[in-house]
Every structure is written in structure tokens, then in C-alpha cells.
Amino acid sequence: MILLFDPAPPRMQWGLLRDGGADAHAVEAKAGWQEKIAADLDGCGQVQSVGYVLHNGGDLIKDAVAPITAETLACLKDCVNLLPEHNSLTLAACRHWMECQPRARHVLLCDTAFFARLPPHVRDYAVPHALTRKGLHRYGGFGLGHAWVWNRIQDLTGGAARKIVSIHLGNHSNLAAIEDGHPVETTVGFTHLEGVMSAEGCGDIDPTIIFQLKAAGFTYSVINRLLSTQSGFSALAGKPCRLGDILVQSSHPGLSLARRVFLYQIVKSIGALLAALDGADALVLHGAPSLDIMPFVRELGLALAFLGIRIRPEALRSGGAPQRVSTADSSLPVFVMAYDRWAMLAGSMRSLDNKKEQTK
Amino acid sequence: MKKEQYILVFNCGSSSLGCKIFRCAETVQAEPVFSAKAHRVGVEGKEASFLQYQADGTSAKVVVPLPDHRTAARRILEYIRARNVPVDMIGHRFVHGGDFFKESAIIDRGVVELLRQCVPLAPIHNPVSLSVIHECRKTMPGLPAYAVFDTAFHATIPDYAYTYPVPQSIRERFHYRKYGFHGLSYKYIARAAPALLGLPADKARMVVCHLGTGGSSVSAIRNGASQDNSMGYSPLMGLLMSTRCGDIDPMLAIYLAVTYDMRPDDLLNMLTEKSGLLGVAGFSSDLRDIIRGVTGQEDDRAGLALRMYVHRLKKYIGSFVAALGGMDALVFTDDIGVTNWLVREKACEAMQWCGLKLDREANRKASLTDATLVSAADSRIKVLSMPTKEELIIAEEGARLMARREAHDSAV
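Residues numbered from 1 in each chain as written. Chains lettered and ligands numbered in written order. Predicted model: local features only at pLDDT ≥ 70, side-chain atom pairs only at ≥ 80, totals over all residues.

Draft legend 1. Just the overall build of chain B, in detail. A tally of regular secondary structure across chain B gives 15 helices and 14 strands. In terms of overall dimensions, chain B is globule-like: its C-alpha atoms have a radius of gyration of 21 Å, near the 22 Å expected for 412 residues. Overall, chain B is about 65 × 55 × 45 Å in size when its C-alpha atoms are taken along their principal axes. Here chain B holds 412 residues, and 56% of them are scored as buried. (Helix = DSSP H or I, 4+ residues; strand = E, 2+ residues; numbered from the N terminus. Rg over C-alpha atoms; globule rule 2.2 N^0.38 Å. Buried ≥ 20, exposed ≤ 12 C-beta atoms within 10 Å, placed from the backbone.)

Draft legend 2. Main features of the overall build of chain A. Along its length, chain A carries 13 helices and twelve strands. Considering only C-alpha atoms, chain A reaches an extent of 55 × 55 × 40 Å along its principal axes. By residue count, 49% of the 360 residues in chain A fall in the buried class.

Draft legend 3. Highlighting the domain arrangement of chain A. Residue and element names in this part refer to chain A. Domain annotation for chain A reports domain 1 (2-139) and domain 2 (159-341). Residue-level contacts link ten residues of domain 1 with eight residues of domain 2. By residue class, the composition of the side of domain 1 that touches domain 2 is seven nonpolar, one polar and two charged. (Domains from an automatic or database assignment. Contact = placed C-beta atoms within 7 Å. Nonpolar A, V, L, I, M, F, W, Y, C, P; charged D, E, K, R; others polar.)

Draft legend 4. Structural detail: the interface of chain A and chain B. With 58 residues of chain A in contact, the opposing surface of chain B contributes 58 residues. When residues of the side of chain A that touches chain B are assigned to their parent elements, the largest contribution, 13 residues, is made by helix α11 (residues 253-277) of chain A. Of the residues assigned to the side of chain A that touches chain B, the class counts are 35 nonpolar, 15 polar and eight charged.

Draft legend 5. Structural detail: the packing of helix α1 (residues 69-82) of chain B against helix α3 (residues 125-139) of chain B. Residue and element names in this part refer to chain B. Running from amino to carboxyl end, α1 crosses α3 at an angle of 35°, the nearest separation of the two axes being 8 Å. By crossing handedness, the relation of α1 to α3 is classed as right-handed. Along its contact with α1, which presents H69, R70, A73, R74 and L77, the element α3 presents V128, S131, V132, E135 and T139. A breakdown of the residues in the contact of α1 with α3 according to their chemical character gives four nonpolar, three polar and three charged. (Axes fitted to C-alpha atoms, helices over the stretch in contact; angles between N-to-C directions. Left-handed = near helix turned anticlockwise from the far one by under 90°.)

Draft legend 6. Seen up close, the environment of Q13(A). Residues and elements named next belong to chain A. Within the secondary structure layout, Q13 lies in strand β2 (residues 11-18). Residue classification places Q13 among the partly exposed residues on the basis of 18 C-beta atoms within 10 Å. Counting along the chain gives 15 residues from Q13 to E28, while the straight-line C-alpha distance between them is 8.8 Å. Discounting residues that sit within four places of it in the chain, Q13 has contacts with D6, A8, A24 and A26.

Draft legend 7. Inspection of helix α11 (residues 301-324) of chain B at higher detail. Residue and element names in this part refer to chain B. Compared with the 34 Å implied by 1.5 Å per residue over 24 residues, the 34 Å span of α11 between its first and last C-alpha is a close match. A large share of α11 lies buried, amounting to 21 of its 24 residues. Of the residues trailing α11, G325 is marked for its positive phi of about 70°. (Expected span 1.5 Å × (residues − 1).)

Draft legend 8. Seen up close, the domain arrangement of chain B. Residue and element names in this part refer to chain B. Domain parsing of chain B yields domain 1 (5-149) and domain 2 (200-385). The C-alpha-based centres of domain 1 and domain 2 are spaced at 25 Å. Grouping the amino acids of the side of domain 1 that touches domain 2 by side-chain chemistry returns six nonpolar, six polar and two charged.

Draft legend 9. Representation of the pairing of strand β5 (residues 58-63) of chain B in the model. Residues and elements named next belong to chain B. The buried count for β5 comes to zero of six residues, which makes it a mostly uncovered element. One ladder, built from six bridges, connects strand β4 (residues 50-55) with β5; its direction is antiparallel. In the sheet register, Q54 faces β5, and the bridge partner there is S59. Count of turn residues in the β4/β5 antiparallel hairpin: two residues, of which D56 carries a positive phi of about 50°. (Pairing = 2+ DSSP bridges.)

Draft legend 10. Expanded view of the sheet that holds strand β11 (residues 225-229) of chain B. Residues and elements named next belong to chain B. Strand order across the open sheet formed by six strands is β11-β10-β9-β12-β14-β13, with mixed pairing between neighbours. Sheet topology places β11 and β13 (372-373) at the edges, where each strand pairs with a single neighbour. Sheet analysis places β13 next to strand β14 (residues 382-385), joined by two bridges and oriented antiparallel. Counterpart to L373 in the pairing with β14 is L384.

Draft legend 11. Molecular detail of the packing of helix α6 (residues 183-197) of chain B against helix α15 (residues 390-411) of chain B. Residues and elements named next belong to chain B. As a packed pair, α6 and α15 sit with axes 8 Å apart at the nearest point and diverge in direction by 95°. The angle between α6 and α15 falls in the class roughly perpendicular. Here L184, S185, K187 and Y188 of α6 come into contact with α15, specifically with E390, L392, I393 and I394. (Parallel < 35°, antiparallel > 145°, perpendicular 65-115°, else oblique.)

Draft legend 12. View of the nonpolar core. Core analysis: the biggest nonpolar cluster contains 245 residues, and L109(A) and V331(B) have the highest contact counts within it. When neighbours within four sequence positions are excluded, L109(A) is seen to be in contact with G51(A), Y52(A), V53(A), L54(A), A64(A), V65(A), L144(A), L345(A) and S348(A). (Core = buried A, V, L, I, M, F, W, Y, C linked by C-beta atoms within 7 Å.)

Draft legend 13. The sheet that holds strand β7 (residues 163-168) of chain A, seen in detail. Residues and elements named next belong to chain A. With mixed pairing, the six strands of this open sheet are ordered in space as β9-β8-β7-β10-β12-β11. Every other strand in the sheet has two partners, leaving β9 (182-186) and β11 (323-324) as the edge strands with one partner each. In this sheet, β9 lies alongside strand β8 (residues 174-179) in antiparallel orientation, the contact comprising four bridges. Across the sheet, E179 pairs through a bridge with H182, a residue of β9. Against the sheet, helix α6 (residues 143-157) touches β7, β8, β9, β10 (282-287) and β12 (334-338), its axis set at about 130° to β7. Of the strands in this sheet, β7, β8, β9 and β10 touch α11, which is tilted by about 20° from β8.

Draft legend 14. The arrangement of the environment of M231(B) in detail. Its place among the elements puts M231(B) in the loop between β11 and α7 (250-259). With sequence-adjacent residues up to four places away left out, M231(B) is seen in contact with G180(B), F181(B), S217(B), M237(B) and G238(B).

Draft legend 15. Spatial organisation of the pairing of β12(A). Residues and elements named next belong to chain A. Burial runs high along β12: four of the five residues are buried. Judged from the five bridges that link them, β10 and β12 form a sheet pairing that is parallel. In the strand pairing of β12, G287 is matched with A338. Relative to β12, β11 runs antiparallel, the two being bridged by two bridges.

Draft legend 16. Spatial organisation of the environment of Y179(B). All names here are of chain B. Mapped onto the elements of the fold, Y179 is located in the loop between α5 (168-173) and α6. Assessed through the 29 C-beta atoms surrounding it within 10 Å, Y179 is described here as buried. Spatially, the C-alpha atoms of Y179 and G98 are 7.6 Å apart, while their sequence positions differ by 81 residues. Y179 has contacts with H96, T151, H154 and Y233, leaving out every residue within four places of it along the chain.

This is the structure:
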């Protein structure tokens, strides 16, 4: 049995993986949350390994999947500042469960490690060099997911897709350009706030508004909350809004605006990443469930028709397995696959065993 | 309107000041009768600032300290007065008109007050333009003057491209949206480039890179109308510029303010005046210095700055090609866009995915003063190096404003 932790402040998501599948849970991350989980685990059986997702491993943690050592814990402490709310939860979970489950294997799953070797001209911001040296640069994100998608698309195409644009459609959407298994660009920056807008986060905006808000008397913590939790789809829709609400056309003016802005941002991001790659062998869209994103994928296909993309009209009438949704003569193949974060994380955990076996 | 008028036009760039005088009879003549340009105004770098004058086929270059735009304007006005060059009205380029100015305006005391309220919207440019307006009112009192706004051309940007996804109350209170800049330049290129390429202006999809010595932006233009621009609410966003950071994670600004306890003014100043090429390379904000400074060795910060500059430019070209659903022409304009073949070469490298292929030879030999086709014969996309004529657009606006005022006066 594998126990997994994936912080999503103000909550901690956790999952229990058995042979039969995964149970996903979440608790409010306030005093006593660890005990609550322990109570839920009571009688579930022996925990063999525990995985902890770290959302930003900074410059210190460069392995995507690795057993946790004393040294890892020290590095983790130094990473907290980069993404305090998320990383402190990961650290707290590590400390607690390593102590209560001393015999289990403890594994850190780092979401930025995939991007640890981004070339400096992609990684850096054009700010004074001293700040870049302090680690204020782009870290990318969602690396575990993009690495998983890369592997699946290799299986699916028999290694023919050397350059892909990996497009995650979700409440936190983001894109990565990958060549030969290595990322060459990402829409995620220093944090996930950069890039495509999320359900509640603003995405790329002109940051001078921050100074105007400050001058108008807003505190930085209020500004942070405004941009991270009261923006994105919801701010455009004028009401709470998730990806599912904007995947289909709507007559509601706010939802319609959110949908148009979102589609436009995805189109522009794909163009930018194609320029970074000098074209791609495949576009891969993933999100859950895949059937739901098809109307959006069709619209995207129309917007990108100039690249020779043609989506099969009958594609994905039935959901399920990853598949090519473009026609045989589409000059840029398009794939859609369902994305199950818990299955992906379980796969990442297992990759450690595979690695071990290979080295044996 | 009297038979013949002379319109003096001031064009403030972030590190340059252009001045041209146009003769206007029925229409504005495209070639100015007098032109002057102040170079490297207020620039930290190796080379000295200088003024260049051109009139009646003669030219002069004067190396002189130009600590700010007002000094440069005074020098130019003194030169004009000393030579009795006729001037009937003065046009000023004003970068950011915000929501106050949707079109050009004749400057009176009320307008000056509104211009002052626009200052925080473009903290580098607007105060500079305002200082030149004040200098003109002092040195040449009584002359009619008007302001032309860069934001006006971008009024056609659709809502899905200009809306920032923040709460509506913030958007409304701060008039917070993408405005877009370098509109005068794009207005000229949008009509001149298709004419030169034989493309129907009302059908052409163009990506235009306005690469200046100070500020730079990219625009997506369809059917002669702006669809998007890489700059945003302010000219801080978008490409990596000489001292401006361009796109950054908004969270980084908050993080810096909180972690290093930086004052908002200092932080904004750092992002606008000490970042960009200067921030990365450390020794100069001038791309020409940076290119000369590339060593190819480890810790080659000039090389890094150049790669970042080109990479971000390519990303914007790619994103606008996608936004337009394909492109017919890519145009490079303004100082760096026209005079720097290396930047064009690098920006067009590895761009065959969208049908773009450069003629490297033609590109290296492109004219520094005239439009040159630099794409390969078999390139699906035409690539142009084309000097812009912002001042001509400003002069035309002046002639239009005057004609309208006279029509109004005679009607009354």
C-alpha cells in the first residue's frame, strides 16, 4: 500500500494506493490534520511506501523521484521560502510520517525537477543579475505530469514524437515544450501564477498593477490573495468557475469571456512553444476526463488549422484510452489522453523500483 | 488654413528624441524639410550622446552631453531658431493616453492637466514627453501644439486579448487592461508594408516587431487593425528591453517586495531602469554594446542577454502567428529592427515551422535607410526590414486636427 501526499493549500490532498486503485482524500491543513489521516488509515493495512509531492524544489532538489535522506530534509527546509504555503505542508508531512512509519520507504516527488536543467536564457528573468543568482528565476512546474505524458506518448508513437508540446488543461493549466525527453520551455515561471490563467489565479498580467494597488492602500498579502485566489476564470465569469464550466460554449457573458480568454491564451502559448521548438511532431492534450475536453480541442484545432491540423469528426465519441484525434493527413498529429494525477504519482513511485532493477 | 504650413514634430523614445519639420500644403509631404535626432539620451554606456541634424541635403553631428530629454529638446529648438526654420505648430508624441485620450488632442491648460494624470501609466515615457511639452511652451510660447497617443492604434484589440483576468472591481477602478504601445509606428507599417509587398492591406496578417534602442514591442495586425501587442497596461511588459524587464511572474514582484522589504517605488524603478539587457549583462543597456561584448566563454553574460532577447522575441512572433491563424508578412522596424541584421537573422533562425525562411545574404546587406525584402524566394512568409515613420503619422494627425478645427470655426 502506498500513501501519497500532495499539498493544495489550504488543504492537504492525500491518496491511498492499493492494487485495485486509488482512494483520494483531502483534509483542511490545520492543527491535528496528520492525526485525522492516521485515524482514517487505521485498519487499512501496512503502508509500504509514502510519497510526498514537493511543488517547488528550487535549485536544491534536482531529482524528480528520490528516497528522502537527512540531506533531502535539510534541502527541503531551505526550499520552504520559495513557495511557503505548499512547501511547508510537504515538509511537515515528511517529518511526521517518517517518524510514525519508520519502516516504510519515504520518497520525495518533486514537480520542478524535470525543469532543473532549463537553459539559462529560458530559465532567467531579465532582472538584475544579483537577484537571478539568489535563485529568483523560473522553475517550471507540473514536471511529474509532463514527464509521465512524455513517456506515454513515446509508447504510443513508438518513439516517433521527438518534439512535443504537452498541454495540460485543468483548473491549473500549463504547457511544456519537450525535445528528446528534455524540457525546452514552460509557461510556468517562478510560481504557477505566471502563464495561463487558472480557475482563480491571474496568469500573465502587467505587474505594475501591484504597485498601483499598494499605493491605493492594499497590503501585499491582500494583493497576493487577490491575484492568486480571486482572479482567473472566476474573476472573468463573475462567479466561482472551474474548467468544466468553460469547456462548452455558454450564453452567460462572463463565462463566454472566460472561455474566449482561455482559448486565446492556450493558442498563444502553443505558438510560443512551437517557436521555442522550431515546430513539433505532436501536440498532446491531457486533462480529465478526456471526453469533456473534446469540444475545446475541436475549437483549438480550428484556430490552429494553418499548421495543417485536422481533427477527426468522429474522434473520441467514446472516452478512455489515449488516442490520436487528428486525421491521418493532419500534418501535426494531435493526441488526447485522460490524466489521473494519483495514477501518475503511483507510476512515478514505481519508476523508482524500475530504476533499481535496471541498476541491479 | 493658410496655403502652406510647417509642422514641427517631437518624438520621444525612451533613450532618443526625434524632431522633424514637415511641409503641409494640401497634404503632408512625406519627406521632412528638416530633421534632428538626439541619440543615447540619458544612457549609461561606453559611447557619448550626440545630436544629428539634416536639412537641405546637408547634415551635421554634434557630440554633446544629453542628460535628459528636456535638454535635448532645448538644444534642437535653439538650433532651429538660430537658422530661422519656419514652424507653425508643434506636435508631440505621448505614449500613454490611458482612458483619457482615445484620439489626438490640441494642448491647452486642461489637456496639460490630464496629461499629468497619465504620468503614472508610463513612468518612463510620459514624464519625458511632458517635459518636452513644457520646454516648447517656454522656448516657443504661443505656438499651437497638440498631442498624439500611441495607445490609440490599439483600440481594435479584441476583449479576449486586452482583458486581464483580475476582479472586475480592480479592472474598473484602475482602468486596468492591455493598452498596447508604439501605435504610431504600427499605424504607418500597417499601411506601408502591404503596399510595398503587393498584399491587400485589408486581408494581410502581419507580425510587426518594433525594436527600438530603448523600448521594443511586437504587434499582431490583421486587415490593417491591431489584434494584440506585447506591451500591456504599461510599457514594462513584453519583450526584454534595454532597461525594462519585460514579462515576469507577477508573484516575483510580490516576493521581492516582501522578502527584501523593498519600497514599491524602488522596486518599480529597479524593474524599469535597472533590468532588461542592463540587468542581465551588467555593463550596458545598449544592444550594440551587448553584441560587441559577447565572448562565448563561460559566464558570458552579454551572450546570455542576447540569447534571452532573441528567445523572447521568437516566442512572441510564434504566439502572434498562432493568434492570427497564420502570417503573410513579418516586418522588423525602428532602430534595431532596421539596422541590426544579426537580431533579424537570429529571430528568423529555426522558424521554418511557420513557413519562414530568411535570405541571409540579403538580410546582411539590407539597407539602413530603405525598406528591404529579406526573406528567401521560397519563403511562404515575406520578411521585411522597413524604417518606420512615426513623425509623419504625427504630422498627419496635426493637419487633420487643424482642418477639423477650421471646419468647426467656419461652421460657427
